[in-house]
Structure formats: structure tokens, C-alpha cells
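In case you want the letters, here they are:
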Amino acid sequence: MAKWFYKQSKLVQIILLLIPGINWFVELAIRWSAFLSRPRLLTLVFAILATVTVGVIGWVDLVWLLLFNHLLFAKA
């Protein structure tokens, strides 16, 4: 899912992270797929945080995406 997300245009990525319900769903899919592809403690912690915080990490990721062109601890 992370590879699919990064293949999208910057505008589509921003829109996916801006809409609250879709934001949470995209966060869950990206975070858990990132953990499954790279099983590290930090990716697990952020996957759990994204699940529990219901979109708050998504807003942080939106800013991180604008600044650094990838999500926080979820590179493709």
C-alpha cells in the first residue's frame, strides 16, 4: 500500500491525507503494510499509534509529506 501511495501524484496524496475518514483508512493501510514489509519496532509503534489516535497521526503525516515527500517512518 505504501508503494501505491507514493506512486500517486502529490495532489492526490495531500487529498487522501486531508479528508478525515479517508485519512484514517489510508494511514492504517500504509502503516500496517509498512510494518509487514519492514518489521521494526518503530514501524510497529507508529502502526499502533495510527490505529489508536484515529487520524491524528494523519495530520502529522500531512505536514511531514509536504516538508519531506514521505510519511513519518513509512518510506516505500
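A brief structural summary. It should be emphasised that the depicted structure is a prediction, and the values quoted were computed from it without experimental measurement.

Judged by nonpolar contacts, Ala2, Phe5, Leu16, Leu17, Val26, Ile30, Ala34, Leu62, Leu65, Leu71 and Ala74 together constitute the single largest core of 11 residues. Secondary-structure elements contributing two or more residues to this core are helix 1 (2-7), helix 2 (10-18), helix 3 (20-37) and helix 5 (56-68). Broken down by element, the residue count for this core peaks at three residues, all from helix 3.

Moving on, we come to the packing of aromatic side chains. Summed over the entire model, instances satisfying the criterion amount to three aromatic pairs. Centre to centre, the rings of Trp32 and Phe35 are 6.0 Å apart; their planes meet at 90°, and the pair counts as edge-to-face. Of the two residues, Trp32 and Phe35 both sit in helix 3, three residues apart, roughly one turn of that helix. A residue is classified by how much of its surface remains accessible, and Trp32, at 32% relative accessible area, is partly exposed.

Mapping Arg31 onto the fold places it in helix 3. On the basis of relative accessible area, Arg31 is assigned to the buried category, the value being 1%. A polar side-chain atom of Arg31 sits 2.4 Å from the main-chain carbonyl oxygen of Leu72. When sequence neighbours within four positions are dropped, the list of residues in contact with Arg31 reads Phe46, Ala47, Ala50, Ile57, Asp61, Leu71, Leu72, Phe73 and Ala74.

Quick notes on the rules
Residues take numbers from 1 onward in each chain, read along the sequence in its written order. Only residues with pLDDT of at least 70 get local features here, since the model is predicted, and only at 80 or more are side-chain atom pairs given and counted; chain-wide, interface and lining totals rely on the full set of residues. With hydrogens and water excluded, all non-hydrogen atoms of the structure serve as input to the side-chain values. Here the nonpolar core consists of buried residues drawn from Ala, Val, Leu, Ile, Met, Phe, Trp, Tyr and Cys, with membership extended through side-chain atoms lying within 4.5 Å. Buried, partly exposed and exposed residues are distinguished by accessible area as a fraction of the type maximum, computed with a 1.4 Å probe on protein chains only: under 20%, between the cut-offs, and over 50%, respectively. Only runs of H or I of at least four residues qualify as helices and only runs of E of at least two qualify as strands under DSSP, and these elements are numbered from the N terminus. Aromatic rings from Phe, Tyr and Trp, taking only the six-membered ring of Trp, are treated as a pair when their centres fall within 6.5 Å; an angle between ring planes under 30 degrees marks them as stacked, one over 60 as edge-to-face, and anything in between as tilted. Throughout this description, a polar contact denotes any pair of N or O atoms lying within 3.5 Å of each other; where both atoms belong to protein, one of them has to be capable of donating a hydrogen while the other can accept it, and for residues adjacent in sequence the pair is counted only when both atoms sit in side chains. Contact between two residues is taken to exist if any of their heavy atoms lie within 4.5 Å; hydrogens are not considered.

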